[in-house]
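What follows is each chain in one-letter form.
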Amino acid sequence: MSIIRYTLRRALTAVPVLLGATAITFSFVYLTPGDPVDVLVGFDHVDPETRAALRAEYNLDRPLWQQYLLWLGDVVTFEFGESPITGRDVGETVASRLPHTVALGVASWTLSLAIGVPLGILAAIKQGQPADEASRIAALVGIATPNFWLGLVLLFVFAVHLGWVRVTPPDAPLVSLEMAWFVILPTVTLATALAAIVTRLMRSSMRRELDREYVRAARARGLRERTVILKHVLRNASTAVVTVAGLQIAFLVDGAVVVEHVFSWPGMGQLLVESIGRRDVSVVQASVLLIAVATVAANLLVDVAYAIIDPRIRHDR
Amino acid sequence: MNEQTTRRGRIRIDGLEEHLSSDRADGDRTDADRPGDHRDASDRQMAAANTRPSATSASTGRSTLTPRDGTSARTVHSRSRLEESWRRFRSNRTALFGLAIVAVLSAVAIVARPVEFSTMGYTITLQPFSLAPYDPNELSVGPPNAGPSLAHPFGTDWAGRDLFSRVLVGGRYSLSIGALAVALALCVGIPLGAIAGYVGGWLDEAIMRIVDMLYAFPFLVLAIAIVAIVGQGYWNVVFALVVTGWLTYARLLRGEVLSIVETDYVAASRALGTPHRTILARHVVPNAVAPVIVQATLNVGSVVTAAAALGFLGLGLEPGTAEWGAMLAQGRSALLRGNWHVTVFPGAAIFLFVLAINLVGDGLTDALGSRDGRERRGR
Amino acid sequence: MALLEVENLTVQFYTEDGVVRAVDGLSYEIEAGETFAIVGESGAGKSVASLSLLDLVGRPGEIVDGEVRFRGRNVLELPREELRRLRGNDVAIVFQDSQAALDPVYTVGEQIVETMRAHEVASGREARERAIALLERVGIADAQSRYSDYPHELSGGIAQRVLVAVGLSCEPDLLILDEPTTGLDVTIQAQLLELLEELASSFETAIQLVTHDLGVVAECCDRVLVMYGGRAVERAPVEELFYDPAHPYTAGLLASIPRIGADRERLPSLPGGPPNPIQPPTGCRFHPRCPYAEEVCATSEPDLVETETGTAADATRQDHVAACHEHTGDLEDGLGYAVRVVDDSPDATRGTSPGGSSGRGHDDR
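Only a predicted model underlies this, so the values are computations on that prediction, with no experimental measurement involved. (Residues numbered from 1 in each chain as written. Chains lettered and ligands numbered in written order. Predicted model: local features only at pLDDT ≥ 70, side-chain atom pairs only at ≥ 80, totals over all residues. Heavy atoms only, no water.)

Colleague: Would you mind showing me how to read the overall build of chain C here?
Modeller: From N to C terminus, chain C includes 12 helices and 13 strands. In chain C, the proportion of contacts linking residues at least 24 apart, taken out of those at least 6 apart, comes to 65%. For chain C, the exposed area adds up to about 13700 Å²; of that, 44% sits on carbon and sulfur atoms. (Helix = DSSP H or I, 4+ residues; strand = E, 2+ residues; numbered from the N terminus. Contact = heavy atoms within 4.5 Å. Areas by Shrake-Rupley, 256 points an atom, 1.4 Å probe, with all protein chains shown as cover.)

What follows is the structure, given as structure tokens:
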């Protein structure tokens, strides 16, 4: 099966998942105890006129399935309406925060791979030697360190104690030297645990592959050790790493929520926490939904990447 | 060469059989002891050792090249798998070290303050010891924001509460949330996963679609959303972590069950008319549960971290509770003023516990021969 | 000087249950162009011995003693780069599990070309053309399109042929075939054996064939070495081995030959299984299963001796040697078996029974 057909088929399976995710997000308003209008306005006192207006805007008088479909129609066109709490356009609010999270996420993801992949390979080929033990311990420490705590400690050392960076983000455009300087700490914080996971995974899958018969056969064919490791073992081992990349993306988003809070980074995670504090359900809905869609899309990409690396997957279905 | 080929196969050895039959007495015993099929099976197991480490292969050598010897494979068969795993776990020093840390932290959490149970006017003291020098919630037992000293080894927080006592007692919240949330999630995930894998059909589809949909949300984001809906508090946090936690177990167990249902002994049991409930409970689940146990152990660590993260974001337990994460939430502003001790000690407690859990989990992984990266494969 | 000289090869494996001597003091030689077979049950150490020839025994195994000389140079002491040049180029191995021996993520052609490039035999278009020609040569129909197939798309028989093609890609002087017919169905086995025979003569390649199947050996080999529990128990030209087996284990193997290709590792007529490798039996390792075992067999270990003279065997000599007390005269009752050639087809040669007339007189009981 060609890679394009595989991608299309795989994308088709994402549709019911996305529908389910939207349904779950939609139901937030109803799952919260209390009248939907009260939920929407964060249990503030509202006059009957506003109440009626909100009922009309959110189609609260219609049957549930109609409400869902109407809401879905708006969501697909990125029309989330205004927040009853802040009065600002929800879609715009979310969109303004998105680049910050993407920037932080991409930077951390890249950093964690840049650290984790070579370290994992090194540990695998130096099995049982000091380099292996050291990377094992480093990975264990990295996984066990809660990111919010690591962030606080880094903040204390580099911002409070040494004064090298600011405690809060500078008032500068996202793409600027000041911002890049500031984003180093959050990136390191977020990347640490992920790098540890990648290292362990890379090590274990490299080890597993190194024990396979084709490795022995490749050596028997007289290939250079470098070729055996980098061309054969690494490519086979990377399928395992790519497989969990989906999990990594979810992990990255989870981490971002916390790390953004530590560093007051104005991203999606921070928005989510702020909105919960403000009881701004419409913004919570929009951000959670956007995160879910991004996660599903990322998983889709991961599966396609997997199929490119491993020909067996393409032919499987 | 050709001539030989035509003769081959027509060679008969005379005399050997007769000798063998006179020696049978000895021969039969060994033969009955280890029938041929048995050895073939262990051979195949060993051949599979490279691709799928299992407890059996690990104990007989790690390479396909290890001589396929019947005897060592047989010793494994006679020893029970659980015993073998326990033996392997016990010989793993770092894992035991981790287990010791978990035990000490749990014990400290229990004896930190007396445990009392009041009902109908009577108060029964279940645990009289009080390791913590102060009541964790008592204000102004020392000066506010004081650094570590002899009287207050971990210092005090903004309200003058003793941080040492708070960290000790805080283990009660964090550890019990971790244990409870994982146990309850297992109670949901194992039956659903087993049913999905064993029954199949629309039931499987339905369960796995729900799992897929919930998997669309990152773990912590979903937990945050649930807490946002149901509100803060101990049981609400546990609830949120169970809703997000059972997915992994269900998916993992379903995958294992699917591979076990294919095996001959399940087919045989089915053919013999053994009730499905019995097959599932006796044969399928016990054989499938090992990777789930490993995952669950490791998850105790991530659930404790997640609970602390919720506390840190101000979404977990009520602010002011002596829970490790919630203590860190107050720590940020203290830290910016330079009071490092407010964050360092609760954080170190989380770190220590999660590290220990990971050591235990890794030990279990080795002992039970579970595989990495299986989690996503359940589909 | 023979093409390959193996001397006192000893390989150990370190397992959790103890140290296993997978190969114990093995010596043999292979002449250029010769087809040599190593026969034994699973676990006899024959695959390990083959891997040792290219120093490919990995952890937890280790070659603890012995020499492997290829064209007079000790392979086990070669510098890394020279060892690499030897592997695949002068000596090639065709592994048992053909699917597992091919890297799943590269096409068949890529793996053949890669091997040729590693030894600077050919590159670019030329390598590609040669690879396709090789695939045709090993009898793969539609070699052009098979070239870009991935290993999982091949059947067992085709994969085995591909592996042979990879092995032949640099025209080695010695090709080691590890159980090449295991797991293939009977007709494909026969085809493959025919192919090997033909290739051996046209490429002038010596072959070391590792197998548990004496039927395969009869088909295409010049000389045979029988291994039991890591040691050589008998070595002989194929005719002699078949018609005059000098070790009871060989006789047992012969007695249990099924029709060609039937994949049976166990000997129906010999009770028991391979010896425990961690604590091998005392004396002769075969004695617990041997119907002719006497007291001496449990106490003293028989040396490999010439069957005719009873003098210590020499790896360089092309004669019939066996490790059984019978041949040093230490066995009181002797070996009570005889070889009979069954004549059940009309055009077969009648009455030839070289085994019966070998004159050692152990068939008269």
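On we go.
Colleague: Looking at this model, I keep getting lost on helix 6 (residues 90-125) of chain A. Mind explaining?
Modeller: Because the α-helix completes a turn every 3.6 residues, residues three or four places apart line up on one side. For helix 6 of chain A, spanning 36 residues, the distance from its first C-alpha to its last is 51 Å, which sits close to the expected 52 Å at 1.5 Å a residue. The sharpest bend along helix 6 of chain A measures roughly 30° and falls at Leu 98 of chain A, with the proline Pro 99 of chain A sitting one to four residues further on. (Expected span 1.5 Å × (residues − 1). Bend = angle between axes of the 7 residues up to and from the residue.)

Colleague: How do you make sense of the domain arrangement of chain C when you look at a structure like this?
Modeller: Often the size quoted for an interface is simply the accessible area lost on bringing the parts together. Examined at the domain level, chain C breaks down into domain 1 (4-224) and domain 2 (245-352). Taken over C-alpha atoms, the centre of domain 1 of chain C sits 28 Å from the centre of domain 2 of chain C. (Domains from an automatic or database assignment.)

Colleague: Teacher, can you tell me more about the interface of chain C and chain A here?
Modeller: Taken together, the 31 residues of chain C in the interface contact 23 residues of chain A. Carbon and sulfur atoms make up 54% of the surface buried where chain C meets chain A, a total of about 2400 Å² over both sides. Together, Val 105, Tyr 106 and Glu 114 of chain C form the three largest contributors to the area buried by chain C at its contact with chain A, with a combined 24%. Across the chain C-chain A interface, the total number found is 2 salt bridges. Between Arg 221 of chain A and Glu 114 of chain C there is a salt bridge; the shortest N-O distance is 3.0 Å. At the junction of chain C with chain A, the criterion picks out 13 residue pairs in polar contact (both at pLDDT 80 or more). If you list the elements that add at least two residues to the side of chain C that touches chain A, you get helix 2 (80-86), helix 3 (98-101) and helix 4 (108-118) of chain C. Among the elements that line the side of chain C that touches chain A, the one with the most residues is helix 4 of chain C, at 5 residues. (Buried area = accessible area lost by both parts, 1.4 Å probe. Salt bridge = Lys/Arg side-chain N within 4 Å of Asp/Glu carboxyl O. Polar contact = N/O pair within 3.5 Å; in protein donor to acceptor, adjacent residues only side chain to side chain.)

Colleague: Help me understand the pattern of salt bridges in this model?
Modeller: Side chains that differ in charge, positive against negative, can pair when their charged atoms come close. Residues and elements named next belong to chain A. For the structure on display, the rule yields 30 salt bridges over all chains. Between Glu 274 and Arg 97 there is a salt bridge; the shortest N-O distance is 2.9 Å. Taken together, the positions of Glu 274 in helix 12 (residues 268-278) and Arg 97 in helix 6 put the pair 177 residues apart, joining distant regions of the chain. Judged by its relative accessible area of 27%, Glu 274 is partly exposed. (Buried < 20%, exposed > 50% of the residue type's maximum accessible area, 1.4 Å probe, protein only.)

Colleague: Explanation requested: the interface of chain A and chain B in the structure shown.
Modeller: Taken together, the contact between chain A and chain B spans 54 residues of the former and 46 residues of the latter. A buried area of about 4500 Å², summed over both sides, lies between chain A and chain B, and 74% of it is on carbon and sulfur atoms. Of all residues in chain A, Phe 148, Trp 149 and Leu 152 of chain A give up the largest surface area on contact with chain B, accounting jointly for 14% of the area buried on that side. Run the count over chain A and chain B and you get 1 salt bridge.

Colleague: Explain the sheet that holds strand 6 (residues 91-94) of chain C here, please?
Modeller: Strands belonging to one sheet form pairs held by backbone hydrogen bonds; the direction of such a pair is parallel or antiparallel. Residues and elements named next belong to chain C. Pairing in this open sheet of 8 strands is mixed, and the strands run 6-7-8-3-9-10-12-11 from one edge to the other. The sheet is open, and its two borders are formed by strand 6 and strand 11 (305-306), each paired with just one other strand. Across the sheet, helix 11 (residues 248-255) touches strand 3 (35-39), strand 9 (223-228) and strand 10 (231-237), and the angle it forms with strand 9 is around 105°. (Pairing = 2+ DSSP bridges. Axes fitted to C-alpha atoms, helices over the stretch in contact; angles between N-to-C directions.)

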